[in-house]
Amino acid sequence: MSATIQTKSYDAAFVSAVRRESEQDLALCYQCGNCTAGCPVSFAYDFPVNQIMYLVQTGRKMEALSSHAIWLCASCETCTTRCPNDIDVARVMDVLRHMARQEGLVAEHSIHAFWDSFLSSVEKYGRVFELGLMASYIGKTGRVLTDADLAPVALRKGKLSFKPHDICGVAEVRDIFKRYREHRS
Amino acid sequence: MTRSRYAYYPGCSGQGTSREYDSSTRAMCQDLGFELIDIPDWNCCGSTPAHAVDHLLSASLVARNLAIAEDMDVDGIITPCPSCLKNLKTTQHRMLRPEFHAEVQKVLGRVVRADLPIKSVLQVLVEDAGIERIAQESTAPLTGLKVVPYYGCIMNRPPDVMRFDDPENPMALDNILTAIGIEVLPFALKTDCCGASLGTTRRDVVARLSGRVLDAAAAAGADAIVTACPLCQMNLDMRQAQINKANGSHHRLPVFYYSQLIMLAAGQLGERIGLDKLCVSPFSLLSSLGSQTGEARS
């Protein structure tokens, strides 16, 4: 996939929000391309990660937040490890997807649905319940055959439980989610 | 060695897809004299979904476990899972900033210091037990077995948070496996990403990235891959058939957890080691090893 960067007006509020939320100064990025050179998921990105950094540097909010790249980032931390100016690039990618979600810009719906299903499972039981997670994910995406081939293998190996791994302190975990939402609203 | 007491954080996968990693890790730690006490009623750290949705939510989920561990009279917190480890350590690192610490406590609803040492099981193995001790325990060295060590991407990254081993060329697994008689082949992809949790949502990405790891391991002449990460192991092992189908490859490479091999080299077998839990069976490979060691294991 490829895309061209269009000239757009500079969104100063966006630039300062990324800086504040990520605690990273993107003015330090001189576009060496080390992040992109090491990025394992670059082949699937619409913008390589150095261009995502450039979109932020030049205040192009909509292009950055509408990109597929920010959802596909696997959080492998290679970019962060190799940045010669110690920019935590993976943290910037995280912050961009937080912002995209808040703006309702979701370029990768299945990934968005998977994360939501995962966190619902944690909120409900305190730990992840894989079968429940998959049922919820399939419900959100309609992808009924997702990993259907793995289920019999996982069952045979005793790696899939029919019961949730709920914890005694599940109310405490639900309260964390509740207070987090109140804090953010 | 002084006997260390650690708060143990198994992580959710240890109860499911990586139960053999959990059980062999517990067995290994017991043998090497570590006292593991599970963090009572621990909760999921939120893994990638939590930090990809909100850093405050992620830190608050982690902090409940930190707070419980702080009441335990232990030398630190250890976990076998690199993803849990990264979340635990990143939270601790970010909570050094007082405003963030205060926010997390507010969402958590209790006091947390976030000051206990947090390490991987691999790190305490190397630092507390030591390679020599592991070699001494190895009464049935796995001579003849050729492997590539696959650390995955985040066991040592980002380096200023993880603070263990080399982020580009880690050697902890190489050294441990060599000490138990295994031939460890040079492996350029030892810290490359397997595609992580994109397996469910974007199988194409995992087929490419994990496929590359399998291809390179086979080309290096490895009999097997050795991992320290539940997600890497699941992608390479349980998804190996999916990957073969997508890429037109025909790999049959067993993917061990390092803890399984340490126990095997210590002459231990059985349910706790969980070799039968691996999807690509390792049994014909193990029985083909030298007759001296192979018999007992076949």
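Residues numbered from 1 in each chain as written. Chains lettered and ligands numbered in written order. Predicted model: local features only at pLDDT ≥ 70, side-chain atom pairs only at ≥ 80, totals over all residues.

S.K.: Would you explain the overall build of chain A in this entry?
M.R.: For chain A, the count of helices and strands is eleven helices and zero strands. Reading the secondary structure of chain A in the N-to-C direction produces α-α-α-α-α-α-α-α-α-α-α. The C-alpha extent of chain A, read off along each of the three principal axes, is 50 × 40 × 30 Å. The burial tally for chain A puts 41% of its 185 residues in the buried class. Contacts spanning at least 24 positions in sequence make up 64% of the contacts within chain A whose residues lie at least 6 apart. (Helix = DSSP H or I, 4+ residues; strand = E, 2+ residues; numbered from the N terminus. Buried ≥ 20, exposed ≤ 12 C-beta atoms within 10 Å, placed from the backbone. Contact = placed C-beta atoms within 7 Å.)

S.K.: Sorry, what's going on with the overall build of chain B here?
M.R.: Helix and strand content of chain B: 16 helices and eight strands. In summary, chain B has a C-alpha radius of gyration of 19 Å against a globular reference of 19 Å for 298 residues, a match within 12%. Counting only C-alpha atoms and orienting by the principal axes, one finds that chain B spans roughly 60 × 45 × 30 Å. Counting over 298 residues, chain B shows a buried share of 61%. Sequence separation of at least 24 residues holds for 79% of the intrachain contacts in chain B that already meet a minimum separation of 6. (Rg over C-alpha atoms; globule rule 2.2 N^0.38 Å.)

S.K.: Hey, could you run me through the domain arrangement of chain A in this one?
M.R.: A common way to state how big an interface is: give the accessible area lost once the parts meet. The domains assigned to chain A are domain 1 (12-102) and domain 2 (109-184). Averaged C-alpha coordinates put domain 1 of chain A and domain 2 of chain A at centres separated by 28 Å. (Domains from an automatic or database assignment.)

S.K.: Looking at this structure, how should I read the packing of helix α11 (residues 203-219) of chain B against helix α13 (residues 240-247) of chain B?
M.R.: To describe two helices that pack against each other, one gives the angle between their axes and the distance between the axes. Residues and elements named next belong to chain B. Relative to each other, α11 and α13 sit at 95°, their axes nearing to 9 Å. Compared by their axis directions, α11 and α13 come out roughly perpendicular. Of the residues in α13, those touching α11 at Arg-203, Ala-207, Ser-210, Gly-211 and Leu-214 are Gln-240, Gln-242, Ile-243, Ala-246 and Asn-247. Within the contact of α11 with α13, the residues separate by chemical class into four nonpolar, five polar and one charged. (Axes fitted to C-alpha atoms, helices over the stretch in contact; angles between N-to-C directions. Parallel < 35°, antiparallel > 145°, perpendicular 65-115°, else oblique. Nonpolar A, V, L, I, M, F, W, Y, C, P; charged D, E, K, R; others polar.)

S.K.: Looking at this model, I keep getting lost on the environment of Gln240(B). Mind explaining?
M.R.: Residues and elements named next belong to chain B. By the secondary structure assignment, Gln-240 is in helix α13. Judged by the 22 C-beta atoms lying within 10 Å of it, Gln-240 falls in the buried class. Once the C-alpha coordinates of Gln-240 and His-250 are considered, the two residues, ten residues apart in sequence, prove to be 9.2 Å apart. Each residue touching Gln-240, except ones within four places of it in the same chain, is listed here: Leu-214, His-251, Cys-279 and Val-280.

S.K.: Honestly, the interface of chain A and chain B in this entry has me stumped. Any pointers?
M.R.: Taken together, the contact pairs 50 residues of chain A with 47 residues of chain B. Taken together, the elements giving at least two residues each to the side of chain A that touches chain B come down to α6 (78-82), α7 (89-102), α8 (109-125), α9 (130-141), α10 (150-156) and α11 (170-184) of chain A.

S.K.: I'm lost on the sheet that holds strand β5 (residues 146-150) of chain B in this one. Help?
M.R.: Hydrogen bonding along the main chain pairs the strands of a sheet, whether they run parallel or antiparallel. Residues and elements named next belong to chain B. The four strands lie next to each other as β6-β5-β7-β8, forming an open sheet whose pairing is parallel. The sheet is open, and its two borders are formed by β6 (183-184) and β8 (255-257), each paired with just one other strand. Pairing of β5 with strand β7 (residues 224-227) involves four bridges; the strand directions are parallel. Bridge pairing in β7 links Val-147 to Ala-224. Where helix α14 (residues 258-265) meets the sheet, it contacts β7 and β8, and its direction lies at approximately 75° from that of β8. (Pairing = 2+ DSSP bridges.)

S.K.: I'm lost on the pairing of β7(B) in this one. Help?
M.R.: Strand residues, when the strand is regular, have side chains that alternate between the two faces of the sheet. All names here are of chain B. A two-sided burial pattern is seen for β7, the buried positions comprising Ala-224 and Val-226 on one face and Ile-225 and Thr-227 on the other. Examined bridge by bridge, β7 and β8 share three bridges and lie parallel to one another. Paired with Thr-227 across the bridge in β8 is Tyr-257.

S.K.: Looking at this structure, how should I read the environment of Arg143(A)?
M.R.: Relative to the elements of secondary structure, Arg143(A) occurs in the loop between α9 and α10. Placed 94 residues apart in sequence, Arg143(A) and Val49(A) show a C-alpha to C-alpha distance of 29 Å.

S.K.: Explain the nonpolar core to me, please; I cannot follow it from the model alone.
M.R.: Nonpolar side chains in soluble globular proteins tend to be buried together. In this structure, Ile225(B) and Leu261(B) are the most contacted members of the largest nonpolar core, which totals 154 residues. Top element by residues in this core is helix α3 (residues 55-70) of chain B. It accounts for ten residues. (Core = buried A, V, L, I, M, F, W, Y, C linked by C-beta atoms within 7 Å.)

S.K.: How do you make sense of the domain arrangement of chain B when you look at a structure like this?
M.R.: All names here are of chain B. Under the domain assignment used here, chain B contains domain 1 (5-121) and domain 2 (140-297). Distance from the C-alpha centre of domain 1 to the C-alpha centre of domain 2: 24 Å. The interface of domain 1 with domain 2 comprises 21 residues on the first partner and 25 residues on the second. Listed by contribution, the elements that provide at least two residues to the side of domain 1 that touches domain 2 are α1 (19-31) and α4 (82-94). With nine residues, α1 is the single largest residue contributor to the side of domain 1 that touches domain 2. Of the residues contributing to the side of domain 1 that touches domain 2, the split by class is five nonpolar, eleven polar and five charged.

S.K.: Teacher, can you tell me more about the pairing of strand β1 (residues 5-8) of chain B here?
M.R.: All names here are of chain B. Examined bridge by bridge, β1 and strand β2 (residues 35-38) share four bridges and lie parallel to one another. Pairing of Tyr-6 across the sheet is with Leu-36, part of β2. Once you follow β1 into α1 and on to β2, the crossover reads as right-handed. One ladder, built from three bridges, connects β1 with strand β3 (residues 76-79); its direction is parallel. Counted as the bridge partner of Tyr-8 is Ile-78 from β3. (Right-handed = clockwise from strand over helix to strand, strands pointing away.)

S.K.: Help me out: how do you make sense of the sheet that holds β3(B) in this one?
M.R.: All names here are of chain B. One open sheet accounts for four strands, arranged β2-β1-β3-β4; its pairing is parallel. Because the sheet does not close on itself, it has two edges, and the strands there are β2 and β4 (118-120). Along the sheet, successive strands turn relative to each other by an average axial angle of 40°, direction set aside. Contacts between α4 and the sheet are confined to β3 and β4, with β4 contributing the most and set at about 160° to the helix.

S.K.: Please clarify how helix α6 (residues 121-129) of chain B should be interpreted in this entry.
M.R.: The periodicity of an α-helix, 3.6 residues per turn, causes residues three or four places apart in sequence to face the same way. Residues and elements named next belong to chain B. Summarising burial for α6: eight of the nine residues are buried, a large majority. Buried residues of α6: Val-121, Leu-122, Gln-123, Val-124, Leu-125, Val-126, Asp-128 and Ala-129, and no others. Looking one or two residues past α6, Gly-130 carries a phi angle of roughly 95°, positive in sign.

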